[in-house]
Amino acid sequence: VDISNGILVGRPYGGTAILYNKSLSCNVTVVDTSNPRLCAIKLAANVGPILFVCVYMPTDTGDSECMENYIATCANISALYEGSDAVHLVVGGDFNCHNESRFIGCLREFVADNNLCMSDCNRLTDTFTYFNDAGTCRTWIDHVFCSTVIDSLVQNVSILMNFITSDHKPVAVSLQLQSIGNGTKYYDLNRSNSCANTVIDWSKVNERDILSYKISLDCMLRSVSIPVCILGECDPTVEPQHTIDEY
């Protein structure tokens, strides 16, 4: 932080980080956000690729600039998600926003646009994550938002009140989630010939199984290179059926 240029406004000594167990390294890809308020990783999981974003949103200083910065940061996260191949999104951090905040409309629009669930708000009531040094103000401004499938895997959400690390309390979220390669069930359409006759009993699969199958199928279909001729732009002297048979 450059403290030589005038008076600093808000909380200038903020930052973001994502820590993960080194055993997950082979399944984690660090994503460049090009934004000091954001950091992100992509995790290859049994429900498909998940984009995890840690955010430190602008503080409300009462002017139009902070509102513009807030909207821009939300847009940055949306663009990051849209530009990735992740099928799920988890966003957590200091949103500097509560129900009475000027930012609440912008935040709710961001949640709706990305089909997210307010995972902490939907499970907790009458709590807080921030308190000022004088102890006269308590607000709930730190949140965790998840895509619908990830939200369904949330086992527990809690505020760790016993941690005294700053004027913010950590938000803890437990997920029933596994990364690829740790013995999890994940549909592999590149099966060996010995499994070619395997038939899936669809009456026994759950929503996550179907989603995993769809993701695998989609990845395989994307790798299929279809000749232009089959798409209707072939030589009129050549029979379409002949082209298909050749393919």
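These numbers come from a predicted model, not from an experiment. (Residues numbered from 1 in each chain as written. Predicted model: local features only at pLDDT ≥ 70, side-chain atom pairs only at ≥ 80, totals over all residues. Heavy atoms only, no water.)

### Describing the overall build of the protein chain
What counts here: Comment: elements are numbered from the N terminus, with helices defined as DSSP H or I runs of at least four residues and strands as E runs of at least two. The classification of residues rests on relative accessible area computed with a 1.4 Å probe and restricted to protein chains. Under 20% of the type maximum is buried, over 50% is exposed, and intermediate values are partly exposed.
Of the regular secondary structure elements, the protein chain holds five helices and ten strands. Counting every position in the protein chain, which comprises 247 residues, the buried fraction comes to 35%.

### Observations concerning helix H1 (residues 64-83)
What counts is decided by this rule: In this scheme, a helix's expected span is set at 1.5 Å multiplied by one less than its residue total. Summarising the geometry, the arc corresponds to the directions from the helix axis toward the C-beta atoms.
For H1, built from 20 residues, the straight-helix expectation of 28 Å at 1.5 Å per residue is met to within 8% by its first-to-last C-alpha distance of 28 Å. Inspection of H1 places Cys66, Tyr70, Thr73, Cys74, Ile77, Leu80 and Tyr81 among the buried residues, and these make up the whole buried set. For H1, the angular spread of the buried residues around the axis is 120°, confining them to a single face. Relative to its buried face, H1 has exposed residues pointing more than 90 degrees away, namely Ser64, Glu65, Glu68, Glu82 and Gly83.

### Here we look at the confidence of the model for the protein chain
Convention followed: Values of pLDDT, ranging from 0 to 100, describe the predictor's confidence in every residue of the model. Every residue pair with non-hydrogen atoms within 4.5 Å of one another is taken to be in contact.
Taken residue by residue, the protein chain gives an average pLDDT of 81. The fraction at 70 or more is 77%. This stretch, residues 182-196, has a pLDDT under 50; its non-local contacts, to residues over four places away or in other chains, come to 25 contacts.

### Things to note about a nonpolar patch on the surface
The line we're drawing: Patch construction takes residues with relative accessible area above 30% that form no salt bridge. Like charges are linked within 9 Å, and nonpolar side chains (Val, Leu, Ile, Met, Phe, Trp, Tyr) are linked within 5 Å. A 1.4 Å probe and the Shrake-Rupley method give the accessible areas. Residues count as covered only by the protein chains that appear here. Each reported salt bridge corresponds to a side-chain nitrogen of Lys or Arg within 4 Å of a carboxyl oxygen of Asp or Glu.
On the surface, Leu217, Leu221, Val224 and Ile226 cluster together into a nonpolar patch covering about 340 Å² of accessible area. Summarising the element assignment, Ile226 is placed in the loop between helix H4 (207-222) and helix H5 (240-246).

### Focus: the nonpolar core
Heads up, the rule is: Joining through side-chain atoms within 4.5 Å is the link that ties buried Ala, Val, Leu, Ile, Met, Phe, Trp, Tyr and Cys residues into a set, and such a set is a nonpolar core.
With 25 residues, the main nonpolar core has Leu51, Val53, Tyr70, Val91, Phe95 and Phe110 as its most contacted residues. Counting only elements with at least two residues in this core, the list comes to strand S2 (38-45), strand S3 (48-56), H1, strand S4 (88-94) and helix H2 (104-113). Tallying contributions element by element places H1 first for this core, with six residues. Residues within four places of Phe110 in sequence aside, it is in contact with Cys74, Ile77, Ser78, Val91 and Leu116. Formed by 13 residues, the second largest nonpolar core is a distinct cluster that contains Ala45, Ile50, Val90 and Val149.

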